[in-house]
Amino acid sequence: MPGPAPDERRRPEGRRNMQGIRVDPEAEVTHEPRQAVLSALVKHRPGVLSEVSGLFSRRQFNIESLTVGPTSEEDTARMTILIEEPEPGIEQAKKQLQKLVPVVSVAELEPAAVRRELALIKVGGEKPDDVNAVAEMYDGQAVDASTDSVTVEITGSKQKIDAAVDAFRQFDVQEIVRTGAAALERGPTTLNKDD
């Protein structure tokens, strides 16, 4: 066959994989993970939470928090799922969620969405006045008190809850329970069955 000899052929610059195929640097770009809040309307029936969490487990998506509760419509529940994934993973999570039969609608909320979390913090009861003072600093309130412990309820952003937990560490924190994020889009935008 006519043509240049093997040692006379042009060799493109760049890296090659194990099979000798040239690797395109653009295709190799890695995406930095980011947090995304996915809001899903689902049919309010047994097993839906299991289906959704099973999907995330199978696809190896990491759920940072997941909250679920009823909506204004009796047959519908709302899930708020906080995940941290690279951009392609977030898109994939939305597409996979939408394919589930009990899922009615899925949307990613804007970063400016209203996000709130609830925390119950149980601390030692030796200094109840000091505990109440710290609770008031974070707009919290004592919801249970005994001679041995005080339980405080704090509601707010993740940063506020984190700061409150740090502040309560001075009182011998015995237990902490956090709900994870519940979120809604700001303004008139809503997640409807038609979306």
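Residues numbered from 1 in each chain as written. Predicted model: local features only at pLDDT ≥ 70, side-chain atom pairs only at ≥ 80, totals over all residues. Heavy atoms only, no water.

(A) Region of the structure containing helix α4 (residues 158-168). All buried positions along α4 are accounted for by Ile161, Ala164, Val165, Ala167 and Phe168. Viewed along the axis of α4, the buried residues span an arc of 160°, placing them on a single side of the element. Residues of α4 that are exposed and point over 90 degrees away from its buried face: Gln159 and Asp166. Summarising the contacts, the buried residues of α4 are in contact with β5 (114-124), α3 (128-137), β7 (149-156) and β8 (173-178). (Buried < 20%, exposed > 50% of the residue type's maximum accessible area, 1.4 Å probe, protein only. Helix = DSSP H or I, 4+ residues; strand = E, 2+ residues; numbered from the N terminus. Arc of directions from axis to C-beta. Contact = heavy atoms within 4.5 Å.)

(B) A look at the nonpolar core. In this structure, Val52, Phe56, Ile81, Ile83 and Leu97 are the most contacted members of the largest nonpolar core, which totals 19 residues. Among all residues touching Leu97, those that are not within four sequence positions of it are Leu38, Val52, Leu55, Phe56, Ile81, Val103 and Val106. Ile121, Ala135, Ile161 and Val165 belong to the second largest nonpolar core, which has 16 residues in total. (Core = buried A, V, L, I, M, F, W, Y, C linked by side-chain atoms within 4.5 Å.)

(C) View of helix α1 (residues 48-58). Within α1, the full set of buried residues consists of Val48, Val52, Gly54, Leu55 and Phe56. Two residues or fewer past α1, Gln60 is found with a positive phi of approximately 60°.

(D) Representation of the sheet that holds strand β2 (residues 63-70) in the model. Taken together, the four strands give an open sheet; going across it, the order is β2-β3-β1-β4, and neighbouring strands pair in antiparallel fashion. Each edge of the open sheet carries a strand with a single partner, namely β2 and β4 (103-108). Neighbouring strand axes in the sheet, compared pairwise and without regard to direction, differ in orientation by 15° on average. Where strand β1 (residues 34-43) meets strand β3 (residues 76-85), ten bridges bridge the pair, whose relative direction is antiparallel. If you follow Leu38 over to β3, its bridge partner there is Ile81. Across the sheet, α1 touches β1, β2 and β3, and the angle it forms with β3 is around 15°. Along the sheet, helix α2 (residues 87-99) contacts β1, β3 and β4; its crossing angle with β4, the most-contacted strand, is approximately 160°. (Pairing = 2+ DSSP bridges. Axes fitted to C-alpha atoms, helices over the stretch in contact; angles between N-to-C directions.)

(E) Just unusual backbone geometry, in detail. With a phi angle near 55°, Asp139 is a residue other than glycine that sits in the positive phi range. Tracing the sequence through the fold places Asp139 in the loop between α3 and β6 (141-145). Given the relative accessible area of 64%, Asp139 is considered exposed. One non-glycine residue, Asp172, lies in positive phi territory at about 60°. Its location among the elements puts Asp172 in the loop between α4 and β8.

(F) Seen up close, the side chain of Ser65. For Ser65, the position within the fold is in strand β2. In this view, Ser65 contacts Thr80, Ile81, Leu82, Gly180 and Ala181; residues no more than four positions away in its chain are not counted.

(G) Quick look at the confidence of the model for the chain. Put simply, the chain has an average pLDDT of 89, and 92% of its residues get 70 or more. Within the chain, no element has a lower average pLDDT than α1, which sits at 90, and none a higher one than β7, at 96. (pLDDT = per-residue confidence, 0-100.)

(H) Region of the structure containing a nonpolar patch on the surface. A cluster of nonpolar side chains, contributed by Leu120, Val143 and Val177, occupies part of the molecular surface with about 230 Å² of accessible area. Positionally, Val143 belongs in strand β6. (Patch = residues over 30% accessible without salt bridge, like charges linked within 9 Å, V, L, I, M, F, W, Y side chains within 5 Å. Areas by Shrake-Rupley, 256 points an atom, 1.4 Å probe, with all protein chains shown as cover. Salt bridge = Lys/Arg side-chain N within 4 Å of Asp/Glu carboxyl O.)

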